[in-house]
Amino acid sequence: MTEPQRDPLDSWLDSAQDVEPSAPLRRAITEVPLRHPRAAERHALWPFGGWWKVVSMALVVCALGVVAGVSSVNVIDDDPTIESDDTDLAFAIGLDEELAP
Amino acid sequence: MRRIGEGDANAYRALSERHMTALLRYATRLLGERTEAEDVTQEAFLRLWTTAATWKPDARVSTWLHRIAHNLCIDRIRRRRGNDTDTEIVDDQHQPSDLVMRRELALTVEQALLRLPERQRAAVVLVHYQGMTNPEAADVIGVGVEGVESLLARGRGGLRIMLAALDESKAGAR
């Protein structure tokens with residue numbers, strides 16, 4: 001069996017020289033962790049992630065505040081026609097005081 | 001990459017040792033200039049170190065690194081466009097003749113590659129020299145697989161014309 005003939009263009013391309021990393025480049029690349037702070041180390045100082053995380057968390061807190069505020073309106077009701085157990089108690093105390101000799 | 005993301009400098013060193021040479025060769029062939037290629041290689045590894053924590057495994061690390069280097073090279077090529085970018089010709093007069101011939105041939109190939117449009121050059125270099133598949137090369141360049149096939153065909157066609165012209169000029173010189 002004969003091997004398929006190689007494209008002369010590929011042989012021509014193979015004659016290009018290969019470069020090797022120089023010693024200073026090797027050193028510069030391997031020293032990157034020493035010269036540049038890691039994202040993980042910055043995370044220890046600012047554990048809230050990126051600015052968008054902080055903003056989205058703030059928005060969620062605001063939304064929860066609005067929901068809690070809106071729902072609490074029904075609990076504190078100023079309508080004087082509605083009597084609660086508290087008002088009965090208040091009236092009862094007032095009546096006892098008036099009936100006292 | 002997970003270990004690098006957690007700040008493991010030894011994992012970073014092992015990975016950089018594995019990919020440093022390939023990345024430098026890619027940048028050198030794309031830029032045609034050693035010093036700039038070294039800057040690009042260094043910058044690519046700096047990005048690897050600083051962004052490893054957010055890395056998503058949607059591609060091989062090698063493809064991802066080549067993509068970073070490719071984009072940095074294209075930025076530099078666009079920035080220097082219009083400036084004089086003639087490749088320095090080495091004076092080989094005092095070297096042995098066989099070495100001179102090999103060096104001349106290598107220089108001719110390098111100059112022919114540099115004459116190709118940058119995306120065609122990138123496609124030829126990624127597939128021929130970096131040993132990538134067409135889909136991997138497409139991922140690096142940021143085009144579809146059909147796009148990279150077209151770039152490759154046009155690039156190789158252009159190189160074939162240059163090779164033929166070189167052969168003709170050699171034959172004429174004899």
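Keep in mind it's a predicted model, so treat the numbers as computed, not measured.

Student: Describe the overall build of chain A, with residues and values.
Tutor: A tally of helices and strands in chain A yields 6 helices and 0 strands. Going from N to C terminus, chain A has its helices and strands arranged as α-α-α-α-α-α. Looking at chain A residue by residue over its 101 residues, the buried ones come to 14%.

Student: Give me the lowdown on the overall build of chain B, citing residues and values where you can.
Tutor: Along its length, chain B carries 8 helices and 0 strands. Along its sequence from the N terminus, chain B presents helices and strands in the succession α-α-α-α-α-α-α-α. Every one of the 174 residues in chain B was classed for burial, and the buried ones make up 45%. Considering only residue pairs separated by 6 or more positions, chain B has 64% of its internal contacts joining residues 24 or more positions apart. Only carbon and sulfur atoms are counted for the fraction: they give 49% of the accessible area of chain B, which is about 9,300 Å².

Student: Could you give an account of the packing of helix H4 (residues 61-80) of chain B against helix H7 (residues 134-141) of chain B, naming the residues involved and the relevant values?
Tutor: Residues and elements named next belong to chain B. Packing of H4 against H7 brings their axes to within 8 Å, and their N-to-C directions diverge by 40°. When the interaxial angle is binned, H4 and H7 end up oblique. Where H4 crosses over H7, the two elements pack in a sense that is right-handed. Contacts between H4 and H7 involve Thr63, His66, Arg67 and His70 on the former and, on the latter, Glu136, Asp139, Val140 and Ile141.

Student: How would you summarise the nonpolar core if you had to cite specific residues and measurements?
Tutor: The biggest cluster of nonpolar side chains holds 57 residues, and the ones touching the most others in it are Leu113(B) and Leu159(B). Ranked by the residues each element gives to this core, the list is headed by helix H2 (residues 9-31) of chain B, at 10 residues.

Student: Break down the side chain of His70(B) for me, with residues and values.
Tutor: Residues and elements named next belong to chain B. Residue position: histidine 70 is located in helix H4. Polar side-chain contacts of histidine 70 include one of 2.8 Å to the side chain of tyrosine 26. With residues up to four places along the chain from it excluded, the contact list for histidine 70 reads Tyr26, Leu30, Ala122, Val140 and Ile141.

Student: Talk me through the environment of Leu31(B); I want residue IDs and the actual numbers.
Tutor: All names here are of chain B. Along the chain, leucine 31 falls in helix H2. With 90 residues separating them in the primary sequence, leucine 31 and arginine 121 have C-alpha atoms 9.9 Å apart. Those residues in contact with leucine 31, other than ones at most four positions away along the chain, are Glu36, Ala37, Val40, Cys73, Arg76, Ile77, Arg80, Leu114 and Arg121.

Student: Please give an account of the interface of chain B and chain A that cites residues and values.
Tutor: Contacts between the two partners involve 40 residues from chain B, matched on the other side by 29 residues from chain A. Taken over both partners, the interface formed by chain B and chain A buries close to 3,200 Å², and the fraction arising from carbon and sulfur atoms is 62%. Between Glu20(A) and Arg25(B) there is a salt bridge whose closest N-O contact spans 2.4 Å. Between the two partners, chain B and chain A, sit 15 residue pairs in polar contact (both at pLDDT 80 or more).

Student: Before we move on, could you go through the environment of Ser150(B) and cite the residues and values that matter?
Tutor: Residue and element names in this part refer to chain B. For serine 150, the position within the fold is in helix H8 (residues 145-173). Judged by relative accessible area, which is 32%, serine 150 ranks as partly exposed. Sequence-wise, serine 150 and glutamine 120 are 30 residues apart; in three dimensions their C-alpha atoms are separated by 8.6 Å.

Student: Tell me about the side chain of Arg29(B), residues and numbers included.
Tutor: Structurally, Arg29(B) can be placed in helix H2. A polar atom in the side chain of Arg29(B) sits 2.7 Å from the side chain of Asp18(A). Once residues within four sequence positions are removed from consideration, Arg29(B) is found in contact with Ala16(A), Gln17(A), Asp18(A), Leu113(B), Leu114(B), Arg121(B), Val125(B) and Tyr129(B).

Student: Mind laying out helix H6 (residues 118-129) of chain B, listing which residues take part and the relevant values?
Tutor: Residues and elements named next belong to chain B. An ideal rise of 1.5 Å per residue puts 16 Å on 12 residues; H6 measures up with 15 Å between its terminal C-alpha atoms. Among the 12 residues that make up H6, 10 are buried, leaving the element largely enclosed by the rest of the structure. Within H6, the full set of buried residues consists of Glu118, Gln120, Arg121, Ala122, Ala123, Val124, Val125, Leu126, His128 and Tyr129. Phi for glycine 131, located one or two positions after H6, is positive at around 70°.

Student: Run through the packing of H4(B) against H6(B), naming residues and quoting values.
Tutor: Residue and element names in this part refer to chain B. Closest axis-to-axis distance for the H4/H6 pair is 12 Å, and the angle between their directions is 150°. If you check the angle between H4 and H6, you find them roughly antiparallel. Crossing handedness for the pair H4 and H6: right-handed. Seen from H4, the contacting residues are His66, His70, Ile74, Ile77 and Arg78; seen from H6, they are Glu118, Arg121, Ala122 and Leu126. For the contact of H4 with H6, the class distribution of residues is 4 nonpolar, 2 polar and 3 charged.

The rules we used
- Residues numbered from 1 in each chain as written.
- Chains lettered and ligands numbered in written order.
- Predicted model: local features only at pLDDT ≥ 70, side-chain atom pairs only at ≥ 80, totals over all residues.
- Heavy atoms only, no water.
- Helix = DSSP H or I, 4+ residues; strand = E, 2+ residues; numbered from the N terminus.
- Buried < 20%, exposed > 50% of the residue type's maximum accessible area, 1.4 Å probe, protein only.
- Contact = heavy atoms within 4.5 Å.
- Areas by Shrake-Rupley, 256 points an atom, 1.4 Å probe, with all protein chains shown as cover.
- Axes fitted to C-alpha atoms, helices over the stretch in contact; angles between N-to-C directions.
- Parallel < 35°, antiparallel > 145°, perpendicular 65-115°, else oblique.
- Left-handed = near helix turned anticlockwise from the far one by under 90°.
- Core = buried A, V, L, I, M, F, W, Y, C linked by side-chain atoms within 4.5 Å.
- Polar contact = N/O pair within 3.5 Å; in protein donor to acceptor, adjacent residues only side chain to side chain.
- Buried area = accessible area lost by both parts, 1.4 Å probe.
- Salt bridge = Lys/Arg side-chain N within 4 Å of Asp/Glu carboxyl O.
- Expected span 1.5 Å × (residues − 1).
- Nonpolar A, V, L, I, M, F, W, Y, C, P; charged D, E, K, R; others polar.

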